[in-house]
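Per-entry structural report
Below, each chain spelled out in residue letters.
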Amino acid sequence: MAKQRIFVAGHRGMVGSAIVRQLEKEADAEILTATRSELNLLDQTAVQSWFHQHAVDQVYLAAAKVGGIHANNEYPAEFIYENLMIEANIIHAAHQSGVQKLLFLGSSCIYPKNAEQPMREEALLTGTLEPTNEPYAIAKIAGIKLCESYNRQYGRDYRSVMPTNLYGPHDNFHPENSHVVPALLRRFHEAKLAGAKEVMAWGTGSPMREFLHVDDMAEASVFVMNLDDATYQQHTQPMLSHINVGTGVDCTIKELTETVAEVVGFEGNIVWDTTKPDGTPRKLLDVSRLEALGWKASIRLHDGLQDAYQWFLEHRDNFRE
């Protein structure tokens, strides 16, 4: 059987690179990638031309403009415009060039700010979004609806997965705009090197969050992509087709912080600045749909954090700023 030519858009990001690593284990996959200098995903004509030249069989749409709360607040126009353009250009070009199978990677921020916990797929579009990242969330919701619309009108098989908080190799460890896991790993590492007696953490440590290693996310993505039509359609609906991807287990920020300190080898004290905000009390995905389909996360948080820390140690010269 001929190898499947699989385009991974966003292959240099944390999710895209993990999907490439997962696909490299498959004997029948020929992986196609394109750097930003080779293909500007914001350029509709360039994207269409690239697809027509490369005879793609499948697409993993992991390319996106991403950032933390600060970046989302400062640059809302870029976040909604660039994400809308990337997904619209790729999904439309895939359709035009006859690609039947595509997987769109979204985000758990698509759900309403006050969604019932754990958050089920059915919560989509039932309430107001978190204001700080609403433009990004709107773009991700549009991506789901693009996939569903091409499926309904043209009979395509375009699927969507919504991951919880991800961490792992190729994460962003920038001191100002990284997410909580890489930020904590870096902070405790630098405190250990400096011989600091204590590390200050924000809030009370009581909010609960769910964390998924990116290699588990990649495995789940390939699993969902390769599900046979009958099984996939049995567990989804034409206008509610996305699937949550997470561990189904959460922990307090205090537990996460203490685990990071242990992994890094920081032996000082953790001091909680309770004048700082805690944020949403809980954010957990309901992953019963994915488990019913036959997949479950396998990487324990402690093991995953060790893996992420090891990657940081090997690449920390890239994060000097």
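Everything here concerns the structure above.
My aim in this report is to walk through the structure given alongside it, one point at a time. Since the structure is predicted, the reported quantities are computational estimates derived from the model, not experimental observations. (Residues numbered from 1 in each chain as written. Predicted model: local features only at pLDDT ≥ 70, side-chain atom pairs only at ≥ 80, totals over all residues. Heavy atoms only, no water.)

**Re the layout of surface pockets**
Here is the rule we go by: Cavity: a set of points on a 1 Å grid over the protein atoms alone where a 1.4 Å probe fits but cannot get out. Pocket: an open set with protein on both sides within 12 Å along at least five of seven lines, its lining residues, like those of a cavity, having an atom within 4 Å of a point. Grid points are joined across faces, edges and corners, and a volume is the space filled by probe spheres set on the points. Gly falls in the polar group here, along with every residue not listed as nonpolar (Ala, Val, Leu, Ile, Met, Phe, Trp, Tyr, Cys, Pro) or charged (Asp, Glu, Lys, Arg).
Quantified by volume, the second largest pocket comes out at close to 280 Å³. Every residue lining the second largest pocket is counted, 13 residues in all, and those nearest its centre are Thr247, Val249, Ile299, Arg300 and Leu301. Here the lining of the second largest pocket is composed, by residue class, of six nonpolar, three polar and four charged.

**Some details on the packing of aromatic side chains**
So the rule is basically this: Ring pairs are drawn from Phe, Tyr and Trp, using the six-membered ring of Trp, whenever the two centres fall within 6.5 Å, and their geometry is named by plane angle: stacked under 30 degrees, edge-to-face over 60, tilted for the rest. Secondary structure elements follow DSSP: runs of H or I no shorter than four residues count as helices, runs of E no shorter than two count as strands, and numbering proceeds from the N terminus. Per-residue accessibility, obtained with a 1.4 Å probe over protein chains only, is compared with the maximum for each type, and a residue is labelled buried under 20%, exposed over 50%, and partly exposed between these values. By the criterion adopted, a ring carries a charge over it if an Arg CZ or a Lys NZ lies within 6 Å of its centre and within 35 degrees of its normal.
Under the criterion given, the structure shown has eight aromatic pairs. Centroid distance phenylalanine 173 to tryptophan 311: 6.1 Å. Interplanar angle 25 degrees. Geometry classified as stacked. With a gap of 138 residues between them, phenylalanine 173 in the loop between strand 6 (165-167) and helix 6 (180-194) and tryptophan 311 in helix 11 (residues 301-315) connect regions that are remote in the sequence. For phenylalanine 173, a relative accessible area of 1% corresponds to the buried category. A ring pair is formed by phenylalanine 188 and phenylalanine 266, whose centres lie 5.3 Å apart and whose planes are at 55 degrees; its orientation type is tilted. One end of the pair, phenylalanine 188, is in helix 6; the other, phenylalanine 266, is in the loop between helix 9 (253-264) and strand 12 (269-273), with 78 residues separating them in the sequence. Judged by relative accessible area, phenylalanine 266 falls into the buried class, the value being 8%. Between the NZ or CZ atom of lysine 65 and the centre of the ring of phenylalanine 79, over which it lies, the distance is 5.3 Å. Lying across the ring of tyrosine 232, arginine 159 places its NZ or CZ 4.1 Å from the centre.

Distances and angles like these do not, on their own, reveal function.
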